[in-house]
Amino acid sequence: MADIGEPRVRGPEKPLKKGELALIKTLIKHPMESGLRKDKETGNVIPAHFIEEVSAEFGGVSVMKATWSGAISKNPFFSFYVKADKSGPLTVTWKDNKGEKWTEKAEIKVE
Amino acid sequence: MGITDNTLTRRSFLGAVGATGAACVAANFIGFPSLADAADAAAPAANIDEIISKDMGPGAIAMEKVKIDTPPKAENGALIRMPISVDHPMEEKNYISSLAIYVDNNPKPLVGRFEFTPASGKAEVELRIKMAKASQVRAIAKSNTGKLYGAVMTIEVAEGGCAG
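Overview of the structure. (Residues numbered from 1 in each chain as written. Chains lettered and ligands numbered in written order. Predicted model: local features only at pLDDT ≥ 70, side-chain atom pairs only at ≥ 80, totals over all residues. Heavy atoms only, no water.)

## Re the packing of aromatic side chains
Move 1: Scanning the entire structure with this criterion turns up 3 aromatic pairs over all chains.
Move 2: The structure contains a cluster of three or more aromatic residues connected by ring pairs, namely A:Trp68, A:Phe78, A:Phe80 and B:Phe114.
Move 3: Just above the ring of A:Tyr81 sits the side chain of B:Lys122; from NZ or CZ to the centre is 4.4 Å. (Phe/Tyr/Trp six-rings, centres within 6.5 Å; stacked < 30°, edge-to-face > 60°. Lys NZ or Arg CZ within 6 Å of the ring centre and 35° of its normal.)

Right, here's the structure in full:
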């Protein structure tokens, strides 16, 4: 499937002061099919295919874990915060209901 | 403690992947799924309070501290911007551990759930959700000590999105 993947993660571009909050913006291509729609021509239910888990680690520690449903929009944008107490990679992992997995990271810089 | 935004705007960020909302609406017109079908198949949630209580724990929900910052009228049901914030400390012994979003009229009301730690710094997320028709939307937050906070609003949908 072509329109899937290409995960993106963006953190603040400028270095932060220790303890400041970093806004993390993420984006990934995914159909986010709920499994509740019917194909009009065949009448068949379009199988569920959505990201069901998103997690973020900063400096090897879990900072955010999300459980998603198929009611989240296609090609999901998602943002959240992390407390920047040190420099290091912020890693985001997306997992869908078919077992496919994507990982992307952004560097958090603390002065 | 300050909040550092970055220079990349949301618009340019989303633009990088193309007009996702437009694509979704177009699909409805070229005879993809019918929203009516989805609505028929979707029995409304029996009791939203029971579902929330099961997910988030029992107890009264204080309707404070949580904010759903979205307009009450959505032009495009395929792409409803949903920024949710909780005005609460994120300290070792006192923090928001969980935040859940519910759409009452969805067959599966739980849209998403987010778990935080004090290292999150702030219990605030933003995402986009789909709604086929008007519904109440709820955001429920739980503290590490089990206290529940919430916000509720009704969102009208001008053009139903990609079902679901």
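## Description of the environment of A:Trp94
Residue and element names in this part refer to chain A.
Move 1: One can find Trp94 in strand β6 (residues 88–96).
Move 2: Look at Trp94 and you get buried, because its relative accessible area is 0%.
Move 3: When the C-alpha positions of Trp94 and Pro7 are compared, they lie 8.5 Å apart, and in sequence the two are 87 residues distant. (Helix = DSSP H or I, 4+ residues; strand = E, 2+ residues; numbered from the N terminus. Buried < 20%, exposed > 50% of the residue type's maximum accessible area, 1.4 Å probe, protein only.)

## Section: the environment of B:Met131
Move 1: Mapped onto the fold, B:Met131 is located in the loop between β8 (124–129) and β9 (135–143).
Move 2: For the pair B:Met131 and B:Leu79, spaced 52 residues apart in the sequence, the C-alpha separation amounts to 8.2 Å.

## Thoughts on the pattern of salt bridges
Move 1: According to the stated counting rule, one finds 9 salt bridges over all chains in the structure shown.
Move 2: The residue A:Lys86 makes a salt bridge to A:Asp85 at a minimum N-O spacing of 3.4 Å.
Move 3: Owing to a relative accessible area of 35%, A:Lys86 belongs among the partly exposed residues under this scheme.
Move 4: Linked by salt bridges that have partners in common, B:Arg81, B:Glu126 and B:Arg128 make up one network. (Salt bridge = Lys/Arg side-chain N within 4 Å of Asp/Glu carboxyl O.)

## What to know about unusual backbone geometry
All names here are of chain A.
Move 1: Of note, the phi angle at Glu6 is positive, near 50°, even though the residue is not glycine.
Move 2: If you trace the backbone, Glu6 turns up in strand β1 (residues 5–10).
Move 3: Assessed through its relative accessible area of 45%, Glu6 is described here as partly exposed.
Move 4: The residue Asn75 is not glycine, and still its phi comes out positive at about 50°.
Move 5: Following the sequence through the fold, Asn75 ends up in the loop between β4 (61–68) and β5 (77–84).

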